[in-house]
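Results of the structural survey
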Amino acid sequence: INCVGILTSGGDAPGMNAAIRAVTRSAIYGGLRVKGIYRGYRGLITDEIVEFRTQNVSNIIQAGGTILKTARCKEFTTPEGRQLAYDNLKRQEIDALVVIGGDGSLTGARIFANEFNIPIIGLPGTIDNDLYGTDSTIGYDTALNTIMECVDKIRDTATSHERLFFIEVMGRDAGFLALNGAIASGAEAAIIPEISTEVDQLAELIEHGFRKSKNSSIVLVAESPVTGGAMGLAERVKNEYPGYDVRVSILGHLQRGGSPTAFDRILASRMGSAAIDALLEDQRNVMIGMRNDEIVYVPFSKAIKNDKPIKRDLVDTLRRLSI
Ligand code: F6P
C-alpha cells in the first residue's frame, strides 16, 4: 500500500476530525501518502479528492463536524455509481480506504470492498453507538454529555412548573443515548426500542411515581417508530391523564454538534492510528473497535449485521434510582 484515501460518510459526529487527523498523521508517519475525499462516497464519484499533508489536519482536533464534509450518497448504492468511484480511486492511485461513519457507511464499504477487492478499514463514527464489537463509537460520549446538559436545563422548568417532560433523543432505533442519558441526568425513565414493554411501564411510573410522590418528571424517549417518539407518547399520556401538565422537547441536531469530549478525542486518535496499523498488517474489511480499552478488529459482517445488546443492568439501575 502506498496511498490511503480517507472519507467521512453519513451523519457527522464529534470526534470525526480527531479521527481524520490521526489517520492522516499516522499514515504519513508510516511512510504512506494520504488523500482526503470530500463529501463521503459522493466525492469518490465526483472526484473531489485532495492530497493531505500534516498541515491539512492542524488545529482540528477540537472541532465538531467533519472538515471533509459528509453526505448520504444514493448513487453509491448502485453498481454504476460504485464503478465510477472505483475508476476515480485508480486514477488517483489510492490503494486503500479508511471510511469513518455509521452503519450505512460501513455497509457501503463492505459492498465496495468485496466488489473491487480493495482493502478498506472502517472507523465507527456515529453518535448512536449502535455498531457491534466496540464499547463506544466516536461521537457517542460527546452526544451523551450534550444530552445530559440539555436535560439538566429542562429540569429547571420541569421542577418549577411541576411538569411532566418527554424529551426525545437521537439514536436511530437504538436506545443507548436515551438509556444512558436518562441515568446521567437522573431522569425517571427511558423509553427505548430494544425494550418495548417500557411503554407499558410508563403507565406504572405515572401512577406510582409521578402521581404519588413527585411533582415533576422527565422521561427520555429514543426516536423510533417502536417508541412512537416523544410526541406520540405525550399525546397518549395527555389523553389518559388529562390532569398532567405535559410538555415535549425534541433535542434534534443539537446532539450531533459541538467540540468532542476528551474521551472522544482519545478514542478517535487511537482508532485512527490503529486503522493505519491494520492496513500495514494487511488487514482488510474490518472495523476498528475498542473493547475493554483494547483495540480490536471487527469484521464488517459482524459489526453491521449484529444488534448491539443493551446492558440489562443499566435498565435495572435506572428503574431503581427513579423511585
Ligand atoms: O445516525 C446519526 C443520526 O443522528 C441518527 O441518530 C438520526 O436518526 C439520524 O442521524 C438523523 O439524520 P439526518 O441528520 O440526516 O436527519
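Under an unreviewed UniProt entry, the name given to the protein is ATP-dependent 6-phosphofructokinase, and the source organism is Duncaniella freteri. Quoted verbatim from the Cofactor (unreviewed entry) field of the UniProt record, the comment on the protein reads "Mg(2+)". Quoted verbatim from the Sequence similarities (unreviewed entry) heading of the UniProt record, the comment on the protein is "Belongs to the phosphofructokinase type A (PFKA) family. ATP-dependent PFK group I subfamily. Prokaryotic clade 'B1' sub-subfamily."

With respect to the overall build of the protein
When its secondary structure is counted, the protein shows 11 helices and 11 strands. The C-alpha atoms of the protein give a radius of gyration of 21 Å, which matches the 20 Å a tight globule of 323 residues would have. Relative to its 323 residues, the protein shows a buried fraction of 50%. Contacts in the protein between residues far apart in sequence, at least 24 positions, make up 74% of those at least 6 positions apart.

Focus on the pairing of strand S4 (residues 96–101)
For S4, the tally of buried residues reaches six of six residues, placing the bulk of the element in the interior. Here S4 shows a buried face lined by Ala 96, Val 98 and Ile 100 and a second buried face lined by Leu 97, Val 99 and Gly 101. Here strand S1 (residues 3–8) pairs with S4 via five bridges, running parallel. Across the sheet, residue Leu 7 finds its bridge partner in S4, namely Val 99. As paired elements, S4 and strand S5 (residues 120–124) share five bridges and run parallel to each other. Its bridge partner lying in S5, Ile 100 is registered against Leu 123. One crossover worth recording links S4 to the parallel S5 by way of helix H4 (residues 103–116), and it is right-handed.

Description of the sheet that holds strand S7 (residues 189–191)
Within the open sheet, the four strands sit side by side as S7-S8-S6-S9. Their pairing is parallel. Both edges of this open sheet fall to S7 and strand S9 (246–250), since each of them pairs with a single strand only. On average, adjacent strands in this sheet sit at an angle of 20° to one another, irrespective of strand direction. Bridging between strand S6 (residues 164–169) and strand S8 (residues 217–222) involves six bridges; their strand directions are parallel. Looking across to S8, one finds that Val 169 is bridged to Ala 222. Along the sheet, helix H8 (residues 229–240) contacts S6, S7, S8 and S9; its crossing angle with S9, the most-contacted strand, is approximately 175°.

Examining the environment of Phe 76
Counting through the fold element by element, Phe 76 comes out in the loop between strand S3 (49–52) and helix H3 (79–91). Given 23 C-beta atoms within 10 Å, Phe 76 falls into the buried group. In this structure, the C-alpha to C-alpha distance between Phe 76 and Ile 138, residues 62 residues apart in sequence, is 24 Å. With near-sequence residues (within four places) excluded, Phe 76 lies in contact with Tyr 41, Ile 45, Gly 81, Arg 82, Ala 85 and Gly 108.

Section: the site of the ligand
In the neighbourhood of the ligand, the contacting residues comprise Gly 11, Gly 102, Thr 126, Ile 127, Asp 128, Met 170, Gly 171, Arg 172, Glu 223 and Arg 256. Across the shell around the ligand, the residue classes tally to two nonpolar, four polar and four charged.

Observations concerning the nonpolar core
With 94 residues, the main nonpolar core has Ala 19, Ala 178 and Ala 275 as its most contacted residues. Per-element accounting of this core gives the leading share, eight residues, to helix H9 (residues 262–280).

Remarks on the UniProt feature "active site" (unreviewed entry) in the protein
With numbering matched to this structure, UniProt assigns "active site" (unreviewed entry) to Asp 128. Residue placement: Asp 128 occurs in the loop between S5 and helix H5 (140–161). Apart from the residues lying within four places of it in its own chain, the contact partners of Asp 128 are Gly 102, Thr 137, Met 170, Gly 171, Arg 172, Ala 174, Phe 176 and Leu 177.

Digging into H8
Its 12 residues give H8 an end-to-end C-alpha distance of 17 Å, which sits within 8% of 16 Å, the value for a rise of 1.5 Å per residue. Turning to H8, its buried residues number three or more, namely Ala 230, Leu 233 and Ala 234. Buried residues in H8, looked at end-on, bunch into an arc of 100°, giving them a common side. Exposed residues on H8 whose side chains face more than 90 degrees from its buried face are Asn 239 and Glu 240. Next to the buried residues of H8 lie S6, S7, S8 and S9.

The rules behind these values
Residues numbered from 1 in each chain as written. Predicted model: local features only at pLDDT ≥ 70, side-chain atom pairs only at ≥ 80, totals over all residues. UniProt positions renumbered as here; feature names shortened; annotations may be inferred. Helix = DSSP H or I, 4+ residues; strand = E, 2+ residues; numbered from the N terminus. Rg over C-alpha atoms; globule rule 2.2 N^0.38 Å. Buried ≥ 20, exposed ≤ 12 C-beta atoms within 10 Å, placed from the backbone. Contact = placed C-beta atoms within 7 Å. Pairing = 2+ DSSP bridges. Right-handed = clockwise from strand over helix to strand, strands pointing away. Axes fitted to C-alpha atoms, helices over the stretch in contact; angles between N-to-C directions. Near = placed C-beta within 6 Å. Nonpolar A, V, L, I, M, F, W, Y, C, P; charged D, E, K, R; others polar. Core = buried A, V, L, I, M, F, W, Y, C linked by C-beta atoms within 7 Å. Expected span 1.5 Å × (residues − 1). Arc of directions from axis to C-beta.

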